[in-house]
Amino acid sequence: MVGRATGVRVDLKARMMRPGPKKLLALDGGGIRGVLSLQILAKIEKLLIAKSGRADYRLADYFDYVAGTSTGGIIAAGIAVGMRVQEILDFYLKNGAAMFDKAGLLHRLQFKFNSEPLAEKLQQVFGRTTTLGAPEIETLLLLVMRNATTDSPWPISNNPYAKYNDAAHPACNLKFPLWQLVRASTAAPTYFPPEVIECGGKPFVFVDGGVTMYNNPAFQMFLMATVDRYLVHAPAGSVWKTGVDDMLIVSIGTGTSPGENYSLRPEEMNLLFNATTIPSALMYAALNEQDFLCRVFGDCVAGPPLDREIDDMIGSRRPLDTKLFRYARYNAELTPEGLEALGCGDVDPASVQKLDSIDALGSLQRVGEAVAREKVDAGHFNLDVFKP
């Protein structure tokens, strides 16, 4: 059942117009590796509970805008309707095996897993009739998917002022079922079949947002919160204020696995090689680019190195002397070296790198707990300014 036990219903317009700093949260895609992200979120939730003095405090009470792609979309939607982190984690632990239900042999050339079990579980959690515009959604919510019919990315939010969220519009996005949008965002090609959604009387085919530029949706979320054309209104009729004391963006990954393959030979780069490696290479590049943009335009206070040339950019002031937001990025490197640095050297890298490795749930939790313990610090949030 969607929402808190108390049945909280939020006036989203009123919340958007509240004065004070805005807090934004972005969650990467990554299949079952979302369990890793949830351990990091659990640490953040614990810090906020301690600072607020309220045992019932939720991430939805703190973050004004939550964005997610693919598995990050499941988590983002759960946060937005007021679920505790442990409740979302339980969803993964209890339903992971059922969600990754292998498709029959006749379908294996199209997709690896059936969509029905995942759709059923999402309906149970979010409700069959809960829409994107439902008052049970307590925060602004951004979900990313790819519209295969129009060959375009489709970042969709519940911003009540958005152009295509007007109730009078024949294809008002706020009328779409929440569970179906989340399902569309998780429809990873070759893993799950696409999701078909009727929009304006026409059927559109949607697949995983991870195959767009926004597998990490952090910078796109920033744009949709600040660019005037997206119509996020503040009290004076303008967009939300930017600045290191006015906006906080927290971005959480599901783990990366960079590495070299010096044994690769040119003749091995055939059609099959390219078909299986190019999508992941593009996704990794896009994920890094979103992170890089946030570190350039924001004041980065936490984050692993991006590469050997630019390092982590923590404290970097150029090219902008005035930064547009405070930025913290948390992620794990799932290579042997990265796992060893986290005290998880006994974890099999190959198992935690897979998007569908149900057998690695325990290991993913361990890695996420290690990142939370070693990397997440209350000082990153400047909680005296960005108060719970």
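Residues numbered from 1 in each chain as written. Predicted model: local features only at pLDDT ≥ 70, side-chain atom pairs only at ≥ 80, totals over all residues. Heavy atoms only, no water.

## Considering the confidence of the model for the chain
Mean pLDDT over the chain works out to 86, with 84% of the residues at or above the 70 mark. Between residues 103-113, whose pLDDT stays under 50, and residues either more than four places distant or in other chains, the model counts 24 contacts. (pLDDT = per-residue confidence, 0-100. Contact = heavy atoms within 4.5 Å.)

## Some points on the packing of helix H6 (residues 116-126) against helix H7 (residues 178-185)
Relative orientation of the contacting elements H6 and H7 amounts to 140°, with a least axis distance of 9 Å. Considered as vectors, H6 and H7 are oriented oblique to each other. Where H6 crosses over H7, the two elements pack in a sense that is right-handed. Counted together, Leu-118, Ala-119, Leu-122, Gln-123 and Phe-126 of H6 and Leu-178, Trp-179, Val-182 and Arg-183 of H7 form the full contact between these two elements. Of the residues belonging to the contact of H6 with H7, the class tally is seven nonpolar, one polar and one charged. (Axes fitted to C-alpha atoms, helices over the stretch in contact; angles between N-to-C directions. Helix = DSSP H or I, 4+ residues; strand = E, 2+ residues; numbered from the N terminus. Parallel < 35°, antiparallel > 145°, perpendicular 65-115°, else oblique. Left-handed = near helix turned anticlockwise from the far one by under 90°. Nonpolar A, V, L, I, M, F, W, Y, C, P; charged D, E, K, R; others polar.)

## Things to note about the nonpolar core
Of all hydrophobic cores here, the largest spans 77 residues; its most connected members are Leu-41, Ile-44, Leu-178 and Tyr-330. Element by element, the count of residues in this core is highest for helix H2 (residues 34-52), at seven residues. Look past the residues within four positions of Ile-44 in its chain and what remains in contact with it is Leu-59, Val-250, Ile-252, Tyr-330, Val-376 and Phe-381. (Core = buried A, V, L, I, M, F, W, Y, C linked by side-chain atoms within 4.5 Å. Buried < 20%, exposed > 50% of the residue type's maximum accessible area, 1.4 Å probe, protein only.)

## Points about the packing of aromatic side chains
Given two aromatic rings, their pairing is described by the distance between the two centres and the angle made by the two planes. Throughout the structure, instances matching the rule amount to nine aromatic pairs. Aromatic pair Trp-154 and Phe-206: ring centres 4.7 Å apart, planes at 45°, arrangement tilted. One end of the pair, Trp-154, is in strand E4 (residues 152-157); the other, Phe-206, is in strand E6 (residues 202-208), and 52 residues separate them in sequence. Taken individually, Trp-154 and Phe-206 each receive the classification buried, so the pair is uniform in this respect. (Phe/Tyr/Trp six-rings, centres within 6.5 Å; stacked < 30°, edge-to-face > 60°.)

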